Amino acid sequence: MGAAVDLRTYVRDIPDFPKPGILFKDITPLLSNPEAFAASIDQFAQRFQGRGVNLIAAAEARGFIFGAPLAIRMNVGFVPIRKPGKLPFATIAAEYQLEYGVDKLEVHTDAFGPGRRVLLIDDVLATGGTMRACRELVESTGATVIASAFLIELGFLGGRARLEPCEVVSLITY
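Here goes a summary of the coordinates provided. This one's a predicted model, so the numbers in the text were calculated from it and none came from an experiment. (Residues numbered from 1 in each chain as written. Predicted model: local features only at pLDDT ≥ 70, side-chain atom pairs only at ≥ 80, totals over all residues. Heavy atoms only, no water.)

Let us now look at the environment of Ala 111. Following the sequence through the fold, Ala 111 ends up in the loop between strand S6 (101–108) and strand S7 (117–125). Separated by 32 residues in the primary sequence, Ala 111 and Val 79 have C-alpha atoms spaced 6.6 Å apart. Excluding residues that lie within four positions of it along the chain, Ala 111 makes contacts with Leu 55 and Val 79. (Helix = DSSP H or I, 4+ residues; strand = E, 2+ residues; numbered from the N terminus. Contact = heavy atoms within 4.5 Å.)

Here it is, written out as structure tokens:
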């Protein structure tokens, strides 16, 4: 079922959002269509089945949309990577650059560890800053990031280069 669905047809262009000159790729039509949403999860699962993934991790909030169902589909654990102050246990953090400033992500200190093979996932790869911070968090625990996966890649923003040498998989590229 999953491979036959053209996911691109479920992504809507919204001009001038969130500011003039930006063409926003809106994934809500895909999320609201059960066949298209399931197809996206199936396509991710097909790409990573048999690769020894132990955990799937994603940064809040949109990464959770794909990470949690993919973890269930692949029968592996899910690790939420959160904004500061959202996790109840001891955490480690990584800072990353935003267009205007710096942000931070945290994960529990016991979320990963040596020998774990982690797939990182998010909705969109733009400049790569968020995913690079996620990778740094995972690798700081001794775990291995096997790939970074995205529903959409905005290739013209060069985010893939910031994630090297990590494998990058995108279901749709603009």
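Continuing now.
A separate point is the nonpolar core. Of all hydrophobic cores here, the largest spans 30 residues; its most connected members are Phe 48, Ile 56, Leu 70 and Leu 151. Elements that contribute at least two residues to this core include exactly helix H2 (34–48), strand S3 (55–59), helix H3 (62–74), S7, strand S8 (144–153) and strand S9 (168–173). A per-element tally of this core places H2 first, with 6 residues. The contacts of Leu 70, once residues within four sequence positions are left out, are Ile 41, Phe 44, Ala 45, Ile 56, Leu 119 and Ile 121. One finds Leu 55, Leu 120, Cys 134 and Val 138 within the second-largest nonpolar core, a separate group that totals 25 residues. (Core = buried A, V, L, I, M, F, W, Y, C linked by side-chain atoms within 4.5 Å. Buried < 20%, exposed > 50% of the residue type's maximum accessible area, 1.4 Å probe, protein only.)

Next up on the list: the packing of aromatic side chains. Taken as a whole and judged by the stated rule, the model has 4 aromatic pairs. Arranged with centres 5.2 Å apart and planes meeting at 85 degrees, the rings of Phe 17 and Phe 24 form a pair that is edge-to-face. Given the relative accessible area of 28%, Phe 24 is considered partly exposed. When the centroid spacing of 5.7 Å and the interplanar angle of 90 degrees are considered together, the rings of Phe 64 and Phe 78 count as edge-to-face. Taken together, the positions of Phe 64 in helix H3 and Phe 78 in strand S4 (residues 77–81) put the pair 14 residues apart, joining distant regions of the chain. Pairwise contacts between aromatic rings join Phe 37, Phe 44 and Phe 66 into one cluster. Positioned above the aromatic ring of Tyr 174 is the side chain of Arg 8, whose terminal nitrogen or guanidinium carbon lies 4.8 Å from the ring centre. Taking NZ or CZ as reference, Lys 25 lies 3.9 Å from the ring centre of Tyr 174, over its face. (Phe/Tyr/Trp six-rings, centres within 6.5 Å; stacked < 30°, edge-to-face > 60°. Lys NZ or Arg CZ within 6 Å of the ring centre and 35° of its normal.)

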